[in-house]
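# Descriptive analysis of the structure
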Amino acid sequence: MQRITFIVLVVLSLGLMGCGYKPLYGASNDGVGVASSLSSITVQETDSRAGQLVRNKLLSSMRPAGSGHADEFSLSIVPTIAKSSLVDQSRPGIQRIRLRLMVSYQLTELSSGTELNSGKTFSSVSYDVVHEPVADLQAEANALSRAAQEVGADIHTRLAAFMASRGST
């Protein structure tokens, strides 16, 4: 049984090598990798807390300390927050809130001003309201932080895929 599994894995590996599969973060033919392309993206500042959290996530994943290259691209993000109740109000003392963070983004080439990529993404998280002011504020802040992490990771992945496809053309 183990031998059959090994043979199947070898055949699948050889099949992947023949179909042009390449890792997302591998270098392209010109030697420029996706990580290098991502580190040349400057992320514009926003005026909301949600925007700051998403921006921080993007900066820490695309431009870690000491890895920034000359700015070639600009990324603008526009966050929107919506809250709604998840629990029927007929039950006293119970309140569960859904926080939905929606972010539109636009990647622009700085040299030409051309929009290269854009999209929308969202995250929906929930938290409990226990009618204690400090606990309620902390629960909401934690929910916003979780949503921003998810949205930032999604935008990072989308931009990495775009840069990889751009490098292979």
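The structure reproduced in this document is the subject of the present report. (Residues numbered from 1 in each chain as written. Predicted model: local features only at pLDDT ≥ 70, side-chain atom pairs only at ≥ 80, totals over all residues. Heavy atoms only, no water.)

Time to look at the side chain of Ser 123. Mapping Ser 123 onto the fold places it in strand β4 (residues 115-129). A relative accessible area of 2% places Ser 123 in the buried class. Of note is the side chain of Ser 123, whose polar atom sits 2.4 Å from the side chain of Glu 150. Those residues in contact with Ser 123 that lie beyond four places of it in its chain are Leu 99, Arg 100, Leu 101, Ala 147, Glu 150 and Val 151. (Helix = DSSP H or I, 4+ residues; strand = E, 2+ residues; numbered from the N terminus. Buried < 20%, exposed > 50% of the residue type's maximum accessible area, 1.4 Å probe, protein only. Polar contact = N/O pair within 3.5 Å; in protein donor to acceptor, adjacent residues only side chain to side chain. Contact = heavy atoms within 4.5 Å.)

Counting across every chain of the model gives 0 aromatic pairs. For Arg 100, the ring lying beneath its charged end belongs to Phe 122, and the centroid distance is 3.9 Å. (Phe/Tyr/Trp six-rings, centres within 6.5 Å; stacked < 30°, edge-to-face > 60°. Lys NZ or Arg CZ within 6 Å of the ring centre and 35° of its normal.)

What follows concerns the nonpolar core. Of all hydrophobic cores here, the largest spans 32 residues; its most connected members are Ile 41, Val 54, Leu 75, Ile 155 and Leu 159. Where this core is concerned, the elements lending two or more residues are α2 (34-38), β1 (41-43), α3 (49-62), β2 (73-85), β3 (95-109), β4 and α4 (133-167). Sort the elements by how many residues they give to this core and α4 lands first, with 11 residues. In this structure, Ile 155 is in contact with Val 54, Leu 58, Leu 75, Ile 77, Val 103, Tyr 105 and Thr 121, ignoring residues within four places of it in sequence. (Core = buried A, V, L, I, M, F, W, Y, C linked by side-chain atoms within 4.5 Å.)

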